[in-house]
Amino acid sequence: MDNRGVTPVVEKLLTIGIVVLFIGSTTAVLYGSAVPEYRDSVGAELSDRIVVSAAEQIESALPPQGIDSTGTVRLDLPATIRGEPYALRTNGKTLVLDHPRPSISAEARLSVPARVDSVSGGTESRGEAIVRFTQESGGVEIRLGGAP
């Protein structure tokens with residue numbers, strides 16, 4: 001009969017143990033499967049938006065036709081996607097995003113006029129993304145690169 005005082009303590013310890021096990025297993029399941037997949041899908045969506053935004057910034061910064069000029073534009077890009085740096089490069093007149101994770105990638109065709117002779121170069125996200133335009137004799141050269 002002297003064990004009746006221990007019963008509430010044992011009940012509370014069992015309840016705390018069950019709650020800790022539930023929280024631990026739920027956390028393990030989420031961080032083991034659901035959260036990484038969600039982060040990958042958000043990263044893929046963000047990469048699409050970054051490429052489209054960079055393409056729009058490049059297209060809108062082209063100098064007017066008939067004026068020989070040189071200029072630079074700084075691209076406004078986030079430093080990381082899913083916590084990791086990425087690279088933007090050109091492939092002909094296509095802008096391509098390269099990321100260490102294969103599930104995160106994107107590309108967008110630049111909608112530039114026929115007077116654009118070449119699009120070249122690339123840049124890393126941790127650096128300053130600069131686009132240089134050179135227009136001479138009616139033709140435009142676009143070069144994507146880092147800070148001058």
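Residues numbered from 1 in each chain as written. Predicted model: local features only at pLDDT ≥ 70, side-chain atom pairs only at ≥ 80, totals over all residues. Heavy atoms only, no water.

**Student:** I keep staring at the sheet that holds strand 3 (residues 94-98) and nothing clicks. Help me out?
**Tutor:** Across a sheet, strands are paired by hydrogen bonds formed along the backbone, either parallel or antiparallel in direction. Within the open sheet, the seven strands sit side by side as 1-6-7-5-2-3-4. Their pairing is mixed. Two strands lie at the open edges of the sheet, namely strand 1 (69-74) and strand 4 (106-109), each paired on one side alone. Each adjacent strand pair in this sheet contributes to an overall mean axis angle of 15°, direction not counted. Sheet analysis places strand 3 next to strand 4, joined by four bridges and oriented antiparallel. In the sheet register, threonine 94 faces strand 4, and the bridge partner there is arginine 109. (Pairing = 2+ DSSP bridges. Helix = DSSP H or I, 4+ residues; strand = E, 2+ residues; numbered from the N terminus. Axes fitted to C-alpha atoms, helices over the stretch in contact; angles between N-to-C directions.)

**Student:** In this structure, what is going on with the pairing of strand 6 (residues 130-136)? I would like to understand it.
**Tutor:** Taken residue by residue, a regular strand's side chains alternate between the two faces of the sheet. Note that strand 1 and strand 6 share six bridges and pair antiparallel. What sits directly across from valine 73, in strand 6, is valine 131. Of the pairings in the sheet, the one linking strand 6 to strand 7 (residues 139-145) comprises seven bridges and is antiparallel in character. Within strand 7, the residue paired with glutamate 136 across the bridge is glycine 139. Here strand 6 folds back onto strand 7 in antiparallel fashion, the turn holding two residues, of which serine 137 has a positive phi close to 55°.

**Student:** Before we go on, may I ask you to explain the pairing of strand 5 (residues 116-124) in this structure?
**Tutor:** For strand 2 (residues 87-91) and strand 5, the ladder comprises three bridges, and the chain directions are antiparallel. Residue pairing in the sheet places leucine 88 in a bridge with threonine 123 of strand 5. Relative to strand 7, strand 5 runs parallel, the two being bridged by five bridges. Considered in strand 7, the bridge of serine 120 is made with arginine 143.

**Student:** Explain the nonpolar core to me, please; I cannot follow it from the model alone.
**Tutor:** Side chains of a nonpolar character, in soluble globular proteins, are inclined to be buried together. Residues Ile58, Leu88, Leu95 and Ile142 are the most contacted members of the largest nonpolar core, which totals 25 residues. Within the residue set of this core, elements represented by two or more residues are helix 1 (7-60), strand 3, strand 4, strand 5, strand 6 and strand 7. Of all the elements, helix 1 adds the most residues to this core, at five residues. If we skip the residues at most four places from it in the chain, leucine 95 touches Val51, Ala54, Ala55, Ile58, Leu88, Arg89, Thr90, Ala106, Glu107, Ala108 and Leu144. (Core = buried A, V, L, I, M, F, W, Y, C linked by side-chain atoms within 4.5 Å. Buried < 20%, exposed > 50% of the residue type's maximum accessible area, 1.4 Å probe, protein only. Contact = heavy atoms within 4.5 Å.)

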